[in-house]
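Structural characterization, general
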Amino acid sequence: MIDVDKWKEIINTLKSNKVRTFFTAFGVFWGIFMLIIMLGSGNGLQNAIYQNMGDFATNSCFMWTQQTSVAYKGFPRGRSYRFNNGDTKALLEKIPELKDLSPRLQGRGGDGSNNAVRGRKTGAFTIFGDYPAWNRIDPIKITSGRFINELDIKNNRKVVVIGKRVVEVLFEPEENPLEQYIKISGVYFKVVGVFKSKKGGQQAEREEQNVHMPFTTLQRIYNFGEDVGWYAMTASEEIPVGIVEEKAKEILKRRHSIAPDDERAVGGFNVSKEFKKMRGLFAGINGLIWIVGIGTLLAGVIGVSNIMLVIVKERTKEIGIQRAIGATPANIILQIINEAVFLTSIAGAIGLVCGFWLIELINFILESSNSSAEMFKNPEVDFSIAISALIILIFAGIFAGLIPAKRAVSIKPIDALRTE
Amino acid sequence: MIELKRLHKSYITGNNKLHVLKGLDLTIEQGELVSIMGSSGSGKSTLLNILGILDSYDQGSYKLNGTLMSNLTEKKAAHYRNNLLGFVFQSFNLISFKNAVENVALPLYYQGVSRKKRNKIALDYLDKMGLKDWAEHMPSELSGGQKQRVAIARAMISKPKVILADEPTGALDSATSIEVMELFREINKDGITMIIVTHEQDISEKTDRIIHLKDGIIEFEHNTKKLVYV
């Protein structure tokens, strides 16, 4: 029941000591404000990290060669070796759990000197030799044309898929790069696809300077022979990539006469493991945010409860009068709880609005400054979280009012009337 | 209307037991205008509090309007206070942040009467008290006599059977006191039982029946000009 008298009562009580009311309300305001800001920042951090990963397959791992660390089969330790096409074949044949296998090579000349030429325009880009599988492991967004396909691999076609930045450097703005030729390390390639990164910030900038050509083509152009630079692989659904990683290492060690207990020879990076660690970290951060946030909020609520106790004590006589003229204990309890809920809700709502506003402001500044902030992106707070925070607040208000209300009605009306 | 039998009340403070009312018998009929007199410590305030269901009693019985008032829950007590009783206090006890009409209307608020309706009724009562022009004033803007008339209007608005007044003229000058007593008599004419606690002789003389309390029992009472010893 919305009653003018009730509201008048509430506002009058709170107005009678403005400074105290303000500081009490500030406690609740600060609690909810901090909670929103922290949640927003946590999400910002998470968004930034996840965006840096793009659509990267998380159930994946990488493998590369390092020097052996154990002498084996007459070979000394400290021996260098290379993966080769035979390894690729063996891995594909012997690991049924393998979903995608992408052998990779990087073209020489990625040291900053210009390696791509078109007419009078030149640029220095990173050249990768790839299988079609690569686009399923670390996907990019093909904006026109296509990615490397099986025929390119089979026929060692001289085609390239180039990043947005490459197009910007080598082509005029209005030019369509498809079907055009660019010269890479002295060999002409036909552009068959243009792509954009799915990642954010500097990661995207770096990725968009890449040039992908068929793996087999790159092997020939740069005289790699049968060599493979490194492998990226993903496991089938439901199978942890760790299993694939283990099997692959075993096969590679056997094929290259490396001691089975040599932990160093085959370098590896398990993305799924790292990803899990990161998810755990974010869960931890989130948990901490809630604990701190709820704690701060609780401190504010206790402040409200405290102030209500004082108010009740100050108004003992008035409550006595009200009871003498017929107010039931329920009337009194409701009135005090109403006041507490009112105070917490108003303060909380302001905190909520200010928190959201600040987050939006940060978002706006980040976006308008176009900064490629690596560690902070698109801070946001779920609407459902705001709603749950509001519900918590209302319950907190009831809690804050309950103890003082009980106190108020525990005094006999006659004693209440006698107090001055 | 009011029937007290062998009423006992004592207060316990620490190890001391203070026996205030010592087996009080009293019957007040509907429509009487009664004053209760006595020196301080005679138990007159305690009696009034028990009559007003603001305090409990230890022994005996108290019937109000035919209903026994004992072991009441706070909710029940509030209900009876709201419907059967009206209070007028020495210090007026108006709520400081409500204006005159809101103060008068407050008992009806607890009865669940809508704001518009109860404020209209309250204005009628204020009009009867000659305070219509002061309806929007806050208590701090009113004189003592005006405050007490607001309090009387508040006591009357729920159409109680009994109005209890605790030293209603204690804070007023003599001219205003006389006005207030005349007002009480007017109200009494409508059939509302009036019980006034006072220690002023000239106030009690304006009532129909004077009950003298001493040491927790009725010492004597006199009816108008006729003296009756108990």
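For the structure, check the block above.
Remember, predicted model here, so these are calculated numbers, not experimental data. (Residues numbered from 1 in each chain as written. Chains lettered and ligands numbered in written order. Predicted model: local features only at pLDDT ≥ 70, side-chain atom pairs only at ≥ 80, totals over all residues. Heavy atoms only, no water.)

1. Comments concerning the packing of helix α5 (residues 144-156) of chain B against helix α6 (residues 174-189) of chain B
All names here are of chain B. For the pair α5 and α6, the least separation of the axes is 10 Å and the interaxial angle reads 15 degrees. On the basis of the axis angle, α5 is roughly parallel to α6. By crossing handedness, the relation of α5 to α6 is classed as right-handed. In contact with Gly145, Gln148, Arg149, Ile152 and Met156 of α5, α6 contributes Thr176, Glu179, Val180, Leu183, Phe184 and Ile187. Residue composition of the contact of α5 with α6, by class: six nonpolar, three polar and two charged. (Axes fitted to C-alpha atoms, helices over the stretch in contact; angles between N-to-C directions. Helix = DSSP H or I, 4+ residues; strand = E, 2+ residues; numbered from the N terminus. Parallel < 35°, antiparallel > 145°, perpendicular 65-115°, else oblique. Left-handed = near helix turned anticlockwise from the far one by under 90°. Contact = heavy atoms within 4.5 Å. Nonpolar A, V, L, I, M, F, W, Y, C, P; charged D, E, K, R; others polar.)

2. As for the packing of aromatic side chains
Residues and elements named next belong to chain A. Throughout the structure, instances matching the rule amount to 17 aromatic pairs over all chains. Residues tyrosine 50 and phenylalanine 275 carry aromatic rings whose centres are separated by 5.8 Å and whose planes lie at 35 degrees to one another, so their mutual orientation is tilted. You can see tyrosine 50 sitting in helix α2 (residues 18-53) and its partner phenylalanine 275 sitting in helix α10 (residues 271-314), a full 225 residues away along the chain. Phenylalanine 275 sits in the buried class, given a relative accessible area of 14%. (Phe/Tyr/Trp six-rings, centres within 6.5 Å; stacked < 30°, edge-to-face > 60°. Buried < 20%, exposed > 50% of the residue type's maximum accessible area, 1.4 Å probe, protein only.)

3. What about the interface of chain B and chain A?
Accessible area lost upon the coming together of the parts is a frequently used measure of interface size. At the junction of the two partners, chain B supplies 25 residues and chain A supplies 24 residues. Around 2,400 Å² of area is buried between chain B and chain A when both sides are counted, 57% of it from carbon and sulfur atoms. When the buried surface of chain B facing chain A is broken down by residue, B:Leu54, B:Phe97 and B:Tyr110 rank first, second and third, together holding 28% of it. Linking chain B to chain A there are two salt bridges. A:Lys412 is paired through a salt bridge with B:Asp55; the nearest N and O atoms lie 3.3 Å apart. Counting across the interface, chain B meets chain A through six residue pairs in polar contact (both at pLDDT 80 or more). Sorting the residues of the side of chain B that touches chain A by element identifies α2 (74-84), α3 (100-111) and α4 (115-128) of chain B as the ones contributing at least two each. Here the side of chain B that touches chain A is composed, by residue class, of twelve nonpolar, four polar and nine charged. (Buried area = accessible area lost by both parts, 1.4 Å probe. Salt bridge = Lys/Arg side-chain N within 4 Å of Asp/Glu carboxyl O. Polar contact = N/O pair within 3.5 Å; in protein donor to acceptor, adjacent residues only side chain to side chain.)

4. Focus: unusual backbone geometry
Negative phi characterises most residues that are not glycine, and trans characterises most peptide bonds. Residues and elements named next belong to chain B. One non-glycine residue, asparagine 65, adopts positive backbone phi at about 55 degrees. Locating asparagine 65 in the fold gives a position in the loop between β4 (59-64) and β5 (67-68). Of note, lysine 159 is a non-glycine position whose phi angle comes to about 50 degrees, a positive value. Structurally, lysine 159 can be placed in the loop between α5 and β7 (162-166). Residue classification places lysine 159 among the exposed positions, given a relative accessible area of 61%.

5. Here's the deal with the pairing of strand β3 (residues 33-37) of chain B
Residues and elements named next belong to chain B. Counted residue by residue, β3 has five buried out of five residues, so it is predominantly covered. Of the two faces of β3, the one lined by Leu33, Ser35 and Met37 and the one lined by Val34 and Ile36 are each fully buried. In this structure, β3 lies alongside strand β8 (residues 193-197), joined through four bridges in parallel fashion. Counterpart to leucine 33 in the pairing with β8 is methionine 194. Sheet topology note: the β3/strand β9 (residues 209-214) ladder contains four bridges and is parallel. Along β9, the bridge assignment pairs serine 35 with isoleucine 210. (Pairing = 2+ DSSP bridges.)

6. A short note on the pairing of β4(B)
Side-chain positions along a regular strand alternate between the two faces of the sheet. All names here are of chain B. Inspection of the sheet shows strand β1 (residues 2-13) paired to β4 by five bridges, in the antiparallel sense. Its bridge partner lying in β4, histidine 8 is registered against glutamine 59. Across two bridges, the pairing between β4 and β5 is antiparallel. In the strand pairing of β5, leucine 64 is matched with threonine 67. Linking β4 to β5, which pair antiparallel, is a turn of two residues; within it asparagine 65 sits at a positive phi near 55 degrees.

7. Details of the sheet that holds strand β2 (residues 16-28) of chain B
Residue and element names in this part refer to chain B. Read from one edge to the other, the open sheet built from four strands follows the order β2-β1-β4-β5, with strand pairing classed as antiparallel. In the strand order of this sheet, the two ends are held by β2 and β5, each with one partner. Sheet strands in contact with helix α1 (residues 44-51) are β1, β2 and β4, and its direction is about 115 degrees off that of β1.

8. Here we look at the pattern of salt bridges
Residue and element names in this part refer to chain A. Overall, the coordinates contain 31 salt bridges over all chains when judged by the stated rule. For glutamate 237, the salt bridge is made with lysine 99, and the minimal N-O distance between the two is 3.7 Å. With glutamate 237 in the loop between β13 (230-235) and α9 (241-255) and lysine 99 in strand β3 (residues 98-106), the pair connects residues that are 138 residues apart, well separated along the chain. The exposure class of glutamate 237 is exposed, given its relative accessible area of 59%. With a relative accessible area of 47%, lysine 99 lands in the partly exposed category. With its nearest N and O atoms 3.8 Å apart, the salt bridge here joins lysine 249 to glutamate 245. Here lysine 249 pairs with glutamate 245, and both are found in helix α9, just four residues apart, close to one helical turn. Classification of lysine 249 by relative accessible area gives partly exposed; the value is 22%. You can call glutamate 245 buried: its relative accessible area is 12%.

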